[in-house]
Amino acid sequence: MTGFVYNIRMKYSEKLGEISDEQFQTALTKSNLGTFIKAEAIPYGNFKQNVFLNTNRGEYVFRGNPHFPGQFEQEQFSITLLKEKTKVPVPWPFIVDESTNIFGWSYVLMPKLPGIQIEDEGIQKTITPKDWSQLAIAYAKNLAEMHSLTWPTCGKYDEKTKNIKEFQKPYGEWVIEQINNLLNASREINNRTTDDDIEWVHSIVENGHEALLIPFTPCYVMQDYQWSNMLVDKVNGVWKVTGVFDLVVGYFGDGETDLSRMYKKLLEQNNELGDLFIKSYTTHHSFRSGFEKRFPIYIILDCLIVWKFVQKYNKNWIERDVSFREWCEKWTKLENFK
């Protein structure tokens, strides 16, 4: 350890505050991960919970200051199942230390996964149309593999039981409840969610209500499936997903829900990519009847999650002079799903 001044404190993000090299070393020693060499802030992510750590034994990711009690345990539960039951490339081992004596909050240490971050604008500039097509196929294949993880019921991780707690109502009704809750919460924040928005949402839900009730096998739904939470790389000349992380809000439900966010991102890149993503997914998992009426509802649910976040945190992701319907409707057009 000669040559290091361990009492220097660095601020890696607002979320994590100031952390000293000595604190990192204490955590690394506790998990037998070697001698601290350096730490590096990660520029991606909305909340900046993560820091890269280099030691004489390898490269790791430090994740700290959970958003809510049990966040890291919930992620560990999902990652363990995905590691044991699927081929999805997740960070493993995912070491959770629930004690707070080192940093003042619990934390995670995990291996740094291989690959590149498409969220990087510099990297995006190097991606060709052919690359994008391969990536859309790779994202669909990886999502289908994630959805091979099934559960007997729809539900979420429960911190008290350390297991999945079944929803108290059918999934379709649960989705409608989430939509209404998000609409109400958005209305309480400001006046950007209009009466017309609510009337439009209710008309889409009513049109697809019966399709929501068609039975399915519950599978793992990441909810935040987008390229910012993944790493990719070329393997034998073909793009593949090499890492999936930030499984904070996952649960068990209808896998079709999980198509929404990546579909929207790819449509923004190129209309054909969205179509390719959906069609590629169906080569692994076929849709049950009613998809064209059900999927617009799932799109609206995903849009409302983002919409409420934008209103709450005053993000500039959406033009300030547009209503929810004006922003969301383009993704719900039926011609997109044919």
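So, here is what we can say about the structure in this document. This one's a predicted model, so the numbers in the text were calculated from it and none came from an experiment. In this numbering scheme, every chain counts its residues from 1 along its sequence in written order. A pLDDT threshold of at least 70 governs which residues receive local features in this predicted model, and a stricter bar of 80 or more applies before side-chain atom pairs are shown or counted, although totals over entire chains, interfaces and linings include all residues. Hydrogens and water molecules were not included; the side-chain quantities draw on all heavy atoms of the structure.

### Some remarks on the packing of aromatic side chains
A pair of aromatic rings is counted whenever rings of Phe, Tyr or Trp (Trp by its six-membered ring) have centres within 6.5 Å, and the orientation is called stacked for planes under 30 degrees apart, edge-to-face for over 60 and tilted otherwise. The full count for this structure, using the stated rule, is 33 aromatic pairs. With 6.2 Å between their ring centres and 55° between their planes, Phe 24 and Phe 103 make a pair best called tilted. Of the two residues, Phe 24 is situated in helix H1 (residues 21-30) and Phe 103 in the loop between strand E6 (95-97) and strand E7 (107-111); the sequence distance between them amounts to 79 residues. The pair formed by Phe 24 and Phe 103 is uniform in burial state, with each residue classed as buried. An aromatic cluster of three or more residues is present, and its members are Tyr 12, Phe 24, Phe 36, Phe 62, Phe 103, Trp 105 and Tyr 107. Each ring is checked for a lysine NZ or an arginine CZ that lies within 6 Å of its centre and within 35 degrees of its normal; such an atom marks a charge sitting over the ring. Sitting over the face of the ring of Phe 52, Lys 112 holds its NZ or CZ atom 4.2 Å from the ring centroid. The ring of Trp 331 is capped by Lys 264, whose NZ or CZ atom sits 5.1 Å from the centre of that ring. Each helix corresponds to a stretch of at least 4 residues labelled H or I by DSSP, and each strand to a stretch of at least 2 residues labelled E; elements are numbered beginning at the N terminus. For the exposure calls, accessible area comes from a 1.4 Å probe over protein chains only, and a residue counts as buried if that area is under 20% of its type's maximum, exposed if over 50%, partly exposed in between.

### Considering unusual backbone geometry
Look at the link from Trp 92 to Pro 93: it is a cis peptide, with omega at 5°. You can see Pro 93 is positioned in the loop between helix H2 (71-85) and E6. Positive phi is not limited to glycine here, since Lys 162 has a value of about 60°. Its place among the elements puts Lys 162 in the loop between strand E8 (155-158) and strand E9 (163-166). Its identity as a non-glycine residue notwithstanding, Asp 246 has a phi of 60°, on the positive side. Structurally, the position occupied by Asp 246 is in the loop between strand E12 (238-244) and strand E13 (251-253).

### Examining the pairing of strand E2 (residues 17-20)
Two elements, strand E1 (residues 9-13) and E2, share 4 bridges in a ladder whose sense is antiparallel. Note on E2: the bridge partner recorded for Ser 13 is Gly 17. At least two DSSP bridges between two strands are required for those strands to pair. Connecting E1 to the next strand, E2, in antiparallel fashion are 3 residues.

### A look at the packing of helix H4 (residues 129-146) against helix H7 (residues 259-269)
Where H4 meets H7, the closest approach of the two axes is 12 Å, and the angle between their N-to-C directions is 175°. One way to sum up the angle between H4 and H7 is to call them roughly antiparallel. Between H4, through Trp 132, Ala 136, Tyr 139 and Leu 143, and H7, the contact on the second element is made entirely by Leu 259, Met 262, Leu 266 and Gln 269. Charged residues are taken to be Asp, Glu, Lys and Arg, nonpolar residues to be Ala, Val, Leu, Ile, Met, Phe, Trp, Tyr, Cys and Pro, and polar residues to be all remaining types, Gly included. Along the lines of polarity and charge, the residues of the contact of H4 with H7 split into 7 nonpolar, 1 polar and no charged. Axis angles are defined between N-to-C directions and span 0 to 180 degrees, where every axis is a line fitted to C-alpha atoms and, for a helix, only to the segment in contact. What sets the label is the angle itself: under 35 degrees gives roughly parallel, over 145 gives roughly antiparallel, 65 to 115 gives roughly perpendicular, and the rest give oblique. Any two residues whose heavy atoms approach within 4.5 Å at even a single point are treated as in contact.

### Regarding the nonpolar core
Buried residues of nine kinds, namely Ala, Val, Leu, Ile, Met, Phe, Trp, Tyr and Cys, make up a nonpolar core once their side-chain atoms join them within 4.5 Å. The biggest cluster of nonpolar side chains holds 80 residues, and the ones touching the most others in it are Tyr 139, Met 146, Ile 179, Phe 277, Ile 300, Phe 324 and Trp 327. Of the residues forming this core, the biggest block, 12 residues, is contributed by helix H9 (residues 291-313). Leu 28, Leu 33, Phe 62 and Tyr 107 belong to the second-largest nonpolar core, a separate cluster that totals 17 residues.

### So, the pairing of E7
Within E7, 4 of the 5 residues are buried, which leaves it mostly tucked inside the rest of the structure. Sheet analysis places strand E5 (residues 58-64) next to E7, joined by 5 bridges and oriented antiparallel. Along E7, the bridge assignment pairs Tyr 60 with Pro 111. Bridge analysis of E6 against E7 gives 3 bridges, and the strand direction is antiparallel. From the neighbouring strand, Ile 95 faces E7, where its bridge partner is Leu 109.

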